[in-house]
Amino acid sequence: MANKKHKNKDKKNKKKKRNSCLYESTGKKIKQVDVYRNAEHLLGSSMTEQVAHGKQVSMLAYEVGKELGLDEEALRNLTIAGFFHDIGKTVLELDKQTDRVLLVEEMNSVQKHPEIGYEKLKDHGFSDEICEAVLFHHENYDGSGYPYNVEGWNIPLGACVLRVCDVFCALIQDRPYRKAFSPETAVHIMIEDVKKYDLKVFMALQRVLHRGPGGTIVLPETAPEVEGVWREL
């Protein structure tokens with residue numbers, strides 16, 4: 001599915017136009033906080049933090065997939081894809097100074113990490129379902145994501161699951177440019193952007209999160225099945 005690039009060239013150009021307001025023609029630098037809505041959690045994370053984030057996304061993706069009624073093989077694929085969803089970032093070299101700013105050239109590089117991750121996992125023999133979930137995990141249901149601006153039913157279900165789990169987990173974690181949001185605030189932020197998500201997947205995430213007394217938000221425990229998959233990786 002990586003060959004969809006040529007089909008989405010026009011959409012890519014539209015996206016560049018939409019995002020042009022972030023950058024000045026003079027090459028002016030912009031602060032990380034200014035690109036948060038686009039780059040989300042892609043900046044300033046150590047390898048330890050990336051692994052922890054991958055595990056949290058993996059655990060939550062399994063629970064959302066289970067809530068959607070997916071079979072055992074699909075749940076296993078989600079668990080693996082969640083764990084490795086940001087593996088493409090390992091080849092990106094962004095320094096982590098306290099006052100770090102992101103140049104437009106680096107932003108473009110960061111947005112290639114799903115494609116890089118796809119290729120790395122393909123090279124290691126992972127299934128198409130796992131690789132494509134990683135490839136499309138930054139695509140938005142309204143077509144505003146990257147790398148291909150794919151929209152709606154053209155996005156694999158696994159990628160839609162990773163998308164909502166990735167965003168939620170990123171929001172509730174500390175970043176160099178902000179403190180973690182509470183789970184409740186994270187949900188409200190996602191509701192404001194709900195057009196970006198597959199609604200049935202988003203609602204499944206909400207059911208998973210609101211399992212506490214009186215419908216309060218409680219993060220699920222890691223299922224034994226998920227830990228078993230991690231041990232095999």
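A. Main features of the overall build of the chain. Broken down by element type, the chain carries 11 helices and 2 strands. Mapped in sequence order, the helices and strands of the chain form the string α-β-α-α-α-β-α-α-α-α-α-α-α. A total of 233 residues make up the chain; the buried ones form 49% of that total. Taking the intrachain contacts of the chain between residues at least 6 apart in sequence as the baseline, contacts between residues at least 24 apart amount to 69%. Counting only carbon and sulfur atoms, one obtains 53% of the accessible surface of the chain, whose full area is about 12,000 Å².

B. Quick look at unusual backbone geometry. With an omega of 15°, the peptide bond between Tyr146 and Pro147 qualifies as cis. Relative to the assigned elements, Pro147 resides in the loop between helix H7 (128–135) and helix H8 (157–171). One non-glycine residue, Asn149, lies in the positive phi region at around 60°. Looking at the element boundaries, Asn149 is found in the loop between H7 and H8. Asn149 sits in the buried class, given a relative accessible area of 1%.

C. Quick look at the environment of Val161. Within the secondary structure, Val161 is located in helix H8. Placed 104 residues apart in sequence, Val161 and Val57 show a C-alpha to C-alpha distance of 9.6 Å. Setting aside residues no more than four positions away along its own chain, Val161 makes contact with Ala61, Val64, Leu68, Leu78 and Val201.

Criteria and thresholds
Residues numbered from 1 in each chain as written. Predicted model: local features only at pLDDT ≥ 70, side-chain atom pairs only at ≥ 80, totals over all residues. Heavy atoms only, no water. Helix = DSSP H or I, 4+ residues; strand = E, 2+ residues; numbered from the N terminus. Buried < 20%, exposed > 50% of the residue type's maximum accessible area, 1.4 Å probe, protein only. Contact = heavy atoms within 4.5 Å. Areas by Shrake-Rupley, 256 points an atom, 1.4 Å probe, with all protein chains shown as cover.

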